[in-house]
Amino acid sequence: FSLDLVSQQFLNFGDSCFMPKNLSVEEFIYKDTIELSLFSEGYYFAWETCCRNAGIINIDNPLSAGTTYKSEILVSDPNNGFTNLENSSPTFGFDSLMNQYYPHNAYLCKEQEHTFNFNSVDPDGDSLVYSLITPLSSNAGGTVTYTGGYSPLNPVGGTSTFDPITGNLCVTPPSQLSGILAIKVSEYRNGVLIGSVIRDIQINV
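Residues numbered from 1 in each chain as written. Predicted model: local features only at pLDDT ≥ 70, side-chain atom pairs only at ≥ 80, totals over all residues. Heavy atoms only, no water.

## Brief notes about the overall build of the chain
If you tally the helices and strands in the chain, you get zero helices and 12 strands. The N-to-C order of helical and strand elements in the chain reads β-β-β-β-β-β-β-β-β-β-β-β. Relative to a compact globule of 205 residues, whose C-alpha radius of gyration would be 17 Å, the chain shows 18 Å and is just as compact. Once the C-alpha set of the chain is aligned to its principal axes, its extents read approximately 50 × 35 × 35 Å. Across the 205 residues in the chain, those meeting the buried criterion constitute 40%. Sequence-distant contacts in the chain: of pairs separated by 6 or more residues, those separated by 24 or more amount to 64%. Approximately 11400 Å² of the chain is accessible, and the part contributed by carbon and sulfur atoms is 49%. The averaged location of the 21 negative side-chain charges in the chain is 6 Å from the averaged location of its 8 positive side-chain charges. (Helix = DSSP H or I, 4+ residues; strand = E, 2+ residues; numbered from the N terminus. Rg over C-alpha atoms; globule rule 2.2 N^0.38 Å. Buried < 20%, exposed > 50% of the residue type's maximum accessible area, 1.4 Å probe, protein only. Contact = heavy atoms within 4.5 Å. Areas by Shrake-Rupley, 256 points an atom, 1.4 Å probe, with all protein chains shown as cover. Lys, Arg positive; Asp, Glu negative; His and termini not counted. Charge placed at Lys NZ, Arg CZ, Asp CG, Glu CD.)

## Quick look at the sheet that holds strand E6 (residues 114-117)
Pairing is antiparallel in the open sheet, where three strands are placed in the order E6-E10-E9. Either end of the sheet is taken by a strand with one partner, and the two such strands are E6 and strand E9 (159-162). Here the strands of the sheet are splayed against their neighbours by 15 degrees on average, with no regard to which way each runs. Strand direction decides the pairing type here: E6 and strand E10 (residues 168-172), joined by four bridges, are antiparallel. Among the inter-strand pairings, His 114 is bridged to a residue of E10, identified as Val 171. (Pairing = 2+ DSSP bridges. Axes fitted to C-alpha atoms, helices over the stretch in contact; angles between N-to-C directions.)

## Thoughts on the pattern of salt bridges
Applying the stated rule across the entire model yields four salt bridges. Where Lys 70 meets Glu 72, a salt bridge forms, and the shortest distance between an N and an O atom there is 3.6 Å. Take Lys 70: its relative accessible area is 14%, and that puts it in the buried class. Where Arg 189 meets Asp 126, a salt bridge forms, and the shortest distance between an N and an O atom there is 2.7 Å. Taken as a pair, Arg 189 in strand E11 (residues 178-189) and Asp 126 in the loop between strand E7 (120-121) and strand E8 (127-133) lie far apart in primary sequence, 63 residues in all. (Salt bridge = Lys/Arg side-chain N within 4 Å of Asp/Glu carboxyl O.)

## A few points about the packing of aromatic side chains
Summed over all chains, the structure comprises three aromatic pairs. Ring geometry for Phe 116 and Phe 118: centres 5.8 Å apart, planes at 10 degrees, overall stacked. Since its relative accessible area comes to 3%, Phe 116 is described here as buried. By relative accessible area, which is 1% here, Phe 118 ends up buried. Above the ring of Tyr 44, the side-chain terminus of Lys 70 is found at 4.3 Å from the ring centroid. (Phe/Tyr/Trp six-rings, centres within 6.5 Å; stacked < 30°, edge-to-face > 60°. Lys NZ or Arg CZ within 6 Å of the ring centre and 35° of its normal.)

## Some details on the pairing of strand E12 (residues 192-204)
Of all the 13 residues making up E12, 10 are buried; the element is thus mostly covered by neighbouring parts of the structure. Where strand E4 (residues 66-73) meets E12, four bridges bridge the pair, whose relative direction is antiparallel. Looking at E12, one finds that Ser 71 is bridged to Val 197. Bridge count for E11 against E12 is 12 bridges, and the pairing is antiparallel. Within the sheet, the bridge partner assigned to Ala 182 lies in E12 and is Asp 200.

## Brief notes about a nonpolar patch on the surface
The grouping of Phe 1, Leu 3, Leu 5, Phe 28, Tyr 30, Ile 34, Leu 36 and Phe 45 at the surface amounts to a nonpolar patch, some 750 Å² of accessible area in total. Overall, the relative accessible area of 36% leaves Leu 3 in the partly exposed class. (Patch = residues over 30% accessible without salt bridge, like charges linked within 9 Å, V, L, I, M, F, W, Y side chains within 5 Å.)

## Quick look at the side chain of Thr 147
Its location among the elements puts Thr 147 in the loop between E8 and E9. Here the side chain of Thr 147 touches Ile 57 through a polar contact of 3.3 Å, landing on its backbone oxygen. In this structure, Thr 147 is in contact with Ile 57, Asn 58, Ile 59 and Asp 60, ignoring residues within four places of it in sequence. (Polar contact = N/O pair within 3.5 Å; in protein donor to acceptor, adjacent residues only side chain to side chain.)

Dropping the structure here:
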């Protein structure tokens, strides 16, 4: 199915150490209402494109690696008492400094510690668990391959720590790079996994 484009705007990115000029990053929002039948296996929604850009150095063959944004939802699970599950996906936190739903510090400075707060809000009050994962290259489950020294838990090199409860990622990149990372937010209701959202991000140091 195709979705209607409802808005588009330019986003602002930077950091306390560097605010780039003439940066062109644009947000497009598509929206529609789709009726889904109850299905105990659940559904996933994905948008995929090829390929990533040549400047990325923390993965192999970026020009051959796809980009995929994906969300999974469970609409019914009779085995766990969910016959018609009403659920809203988590919303990533609002950046009041930049007036947008994205972390503004997409640009980092080397040898300085930076904290990304991926804290999300769930409208239904479900429990959220955060995890750093290997970015997807296809909606069929294919992933990119990190180069030596980089990994899902250490996407920019140097030192990094991650809190699965708060979603905070602290990094200290040792050198200039353009790299990618992915964070997964999983929703649990009464101890049962009912959905997840994956955010895929490119970071420039």
